[in-house]
Amino acid sequence: MHAILFLTRQCTLKCSYCYVEKHEKSHMPIEVALKAADLVLEKSVEEKKARISFFGGEPFIRFDVMREVTDHAEKKAKKLGVALKLHVATNGTLITPEIIDWIAKKKLTVELSLDGVPAAQDANRPFNDGHGSYAAVVKHLPTLYKKAKHLVAVAVVSPATAHRLYDSTLHVMDDLGIRNFVPVVDYTAQWDEAGLYTLKEQYEKLAEWYLERSRTRKKDLFYYSLFDAHIAAHIKGGFRPGDFCDVGRNIFAVAEDGRIFPCVRFAGKPERAAGFVMGHVDTGFIMKKCHEIAAENLKPRTNCQGCSLDGRCFTYCPCLNWDTTGEMTTVPGVLCANESMLIPIADRLARELIAEKNPVFLRKHYKKEIEPIDIV
Amino acid sequence: MNTNFQVRKVTGYDPGYPVGRRRPGRLEARPLKFLFLVVGFLFFFVGFGCTNKVETTGVQVADDDNIAADTTVTPDTAQPDMDDLQGVTDPDFPLDDDAAIPDADEVLVPDYDDQLAGELVPDFDEAQPDIAPVDYDDVLTGDAIPDALLPDIETPDYDDQLSGVVAPDDDYLK
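Residues numbered from 1 in each chain as written. Chains lettered and ligands numbered in written order. Predicted model: local features only at pLDDT ≥ 70, side-chain atom pairs only at ≥ 80, totals over all residues. Heavy atoms only, no water.

Student: Tell me about the sheet that holds strand 9 (residues 259-261) of chain A, and name the residues and values.
Tutor: Residue and element names in this part refer to chain A. Reading across the sheet, the 11 strands line up as 7-6-5-4-3-2-1-8-9-10-11 and stay open at both edges, with mixed pairing between neighbours. Of all the strands in the sheet, the pair left with one neighbour each is strand 7 (223-224) and strand 11 (284-285). Bridge analysis of strand 1 (residues 2-6) against strand 2 (residues 49-55) gives five bridges, and the strand direction is parallel. Its bridge partner being in strand 2, His-2 is matched across the sheet by Arg-51. (Pairing = 2+ DSSP bridges. Helix = DSSP H or I, 4+ residues; strand = E, 2+ residues; numbered from the N terminus.)

In structure tokens form, the structure reads like this:
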């Protein structure tokens, strides 16, 4: 089971697309955090594996709480015989050498928000006072990348930065050397035809880069989610609702007040999501509500049945669906438009590289040598 | 809500490349077990069951060519331990590990006749004979080697706990 803890709603940045409602002094008390850790571990005894993700806001604002919860959870997990994995989603602005050492020691997976080139990062991810955050984020990046065992960079692609996707990808993966990059299109934004056309142009350029990198750097395994995730989805035979965001059953998010929500976007907007509260860390789960939410999530996506791409595109995220359409099982049209454009490009890459017997590609997709990091 | 776009179903689309994530050790586990089972039975019957020659008089005659003719010696007919055999033969495939058994919904169900006939399709090992052994420094997945936080607990797969953004499994990349 996977628990995501909203350690704070406070953040150092003021990102244009952030879906988390911010409150300056809304922190999760340590007692709530510890109870949340206990809850996920106790519910994971049978499965013998658990994951705790620290989320926010910027979770390193509560580094003291993070440390205490981690130590507590490690001891409890060992006592219960549960294998524990830890994960943090951070904007990187508070990273210090001390934090990096701790991350390395505790083997945390780090999901670093980084939109790419300075212009993209600074445009969408400014500090609260308005100045750009790029310099602060990359300041300790080489050390973080060197010491952290698991690190993935996650970018949000908005209409304002779509035209920089190619440059940002090359900057993150070629210049900064991060080999796992996950650009995520902001489907809550107001995209228009021109914006999607810009994305398509970027995808086509990136396809050539992907081919070239696969062909010329044969020992340099990399994972570029825009293409690789869609290819993997086909090779695996397609995904179904519940394969990932198994809300109501295997994943939950704990708001700073202890209320339990299905996932991060619900907990990020607790007032709007009041009808989705699945329990509280003090009283445990409301099983009827959990079952209700799980059953809803496992339904076929209402507007995707019969589509050849069903199972290939990311229609399964109930949080995103709910956030954009109001229904967990109704997919936003802009997602459909983008994925319909992107998947054939990814498939062309796959066909070409398979025909060439490209070793990087084959190792990545037909052997278990490269896998993505899942992100929250 | 963005209302500029509507969902449009795509029909008749073919990606044009093979489905079926091949997990070494999983896909081959079942055919290997089957193969060893067949070999075991053949060994049992050919090696012991068919070596005693008996004349019509009922007097057993020694077969100079076969030490098994001495029926005073009780043959070792114990069924070979399949797991032992497999472990010795191919240590890369931990066949005694439950995790190595393919999940029906994840792995192509092999046709044993085809497997024994050497027609395993697709075989990407053949397609890339020059691939060097895995260098874990090169591999992005730090968890290719299990690294459970607890030393006495096996690192699990998190196939079922991914977010809505990337593909499954979290042998993490770095």
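Student: Can you explain the pairing of strand 1 of chain A? Please cite residues and give values.
Tutor: Residues and elements named next belong to chain A. Burial runs high along strand 1: five of the five residues are buried. Residues His-2, Ile-4 and Phe-6 of strand 1 are buried on one face, and the alternating residues Ala-3 and Leu-5, pointing to the opposite face, are buried as well. Judged from the four bridges that link them, strand 1 and strand 8 (residues 251-254) form a sheet pairing that is parallel. Its bridge partner being in strand 8, Ala-3 is matched across the sheet by Phe-252. (Buried < 20%, exposed > 50% of the residue type's maximum accessible area, 1.4 Å probe, protein only.)

Student: How would you summarise the nonpolar core if you had to cite specific residues and measurements?
Tutor: Core analysis: the biggest nonpolar cluster contains 132 residues, and Tyr-224 and Phe-227 of chain A have the highest contact counts within it. For this core, the element with the most residues is helix 13 (residues 333-355) of chain A, which contributes 10 residues. (Core = buried A, V, L, I, M, F, W, Y, C linked by side-chain atoms within 4.5 Å.)

Student: Mind laying out the state of the cysteines, listing which residues take part and the relevant values?
Tutor: All names here are of chain A. In the structure shown here, the tally under the stated rule is zero disulfides over all chains. Considering cysteine sulfurs only, Cys-313 is the nearest to Cys-304, which forms no disulfide, with 5.8 Å between them. By relative accessible area, Cys-304 is classed as buried at 7%. Free of any disulfide, Cys-336 has its nearest neighbouring cysteine sulfur in Cys-307, separated by 6.1 Å. (Disulfide = S-S within 2.5 Å.)

Student: Which residues make up helix 11 (residues 287-297) of chain A, and what values go with them?
Tutor: Residue and element names in this part refer to chain A. Listing the buried residues of helix 11 in full gives Lys-289, Cys-290, Ile-293, Ala-294 and Asn-297. Relative to the axis of helix 11, the buried residues are bounded by an arc of 130 degrees and lie together on one face. Looking at helix 11, the residues exposed on the side facing more than 90 degrees away from the buried face are Lys-288 and His-291. Where helix 11 is buried, its residues touch strand 11 and helix 12 (318-325). (Arc of directions from axis to C-beta. Contact = heavy atoms within 4.5 Å.)

Student: Can you lay out the pairing of strand 5 (residues 150-157) of chain A for me, pointing to particular residues and giving the numbers?
Tutor: All names here are of chain A. Most of strand 5 is tucked away, with eight of its eight residues classed as buried. Residue alternation in strand 5 divides its side chains into two sets, His-150, Val-152, Val-154 and Val-156 and Leu-151, Ala-153, Ala-155 and Val-157, and both sets are buried. Summarising the sheet, strand 4 (residues 109-113) and strand 5 pair through five bridges and their orientation is parallel. Bridge assignment links Ser-113 to a residue of strand 5, and that residue is Val-154.

Student: Could you give an account of the pattern of salt bridges, naming the residues involved and the relevant values?
Tutor: Residue and element names in this part refer to chain A. In the structure shown here, the tally under the stated rule is 29 salt bridges over all chains. Between Glu-74 and Lys-106 there is a salt bridge, with the nearest N and O atoms lying 2.8 Å from each other. Of the two residues, Glu-74 is situated in helix 2 (residues 63-80) and Lys-106 in helix 3 (residues 97-106); the sequence distance between them amounts to 32 residues. Looking at Lys-106, the relative accessible area reads 9%, which means it is buried. (Salt bridge = Lys/Arg side-chain N within 4 Å of Asp/Glu carboxyl O.)

Student: Outline the packing of aromatic side chains, supporting the account with residue identities and numerical values.
Tutor: All names here are of chain A. In this structure the tally under the stated criterion is 15 aromatic pairs over all chains. Judged by centre distance (4.8 Å) and plane angle (50 degrees), the rings of Phe-266 and Phe-276 are tilted. One end of the pair, Phe-266, is in helix 10 (residues 264-268); the other, Phe-276, is in the loop between helix 10 and strand 10 (279-280), and 10 residues separate them in sequence. Classification of Phe-266 by relative accessible area gives buried; the value is 0%. Connected via pairs of aromatic rings, a cluster forms that spans Phe-181, Trp-209, Tyr-210, Phe-222, Tyr-224 and Phe-227. The residue whose ring lies beneath Lys-364 is Phe-222, and the NZ or CZ to ring-centre distance is 3.7 Å. (Phe/Tyr/Trp six-rings, centres within 6.5 Å; stacked < 30°, edge-to-face > 60°. Lys NZ or Arg CZ within 6 Å of the ring centre and 35° of its normal.)

Read these as geometric descriptors, not functional statements.
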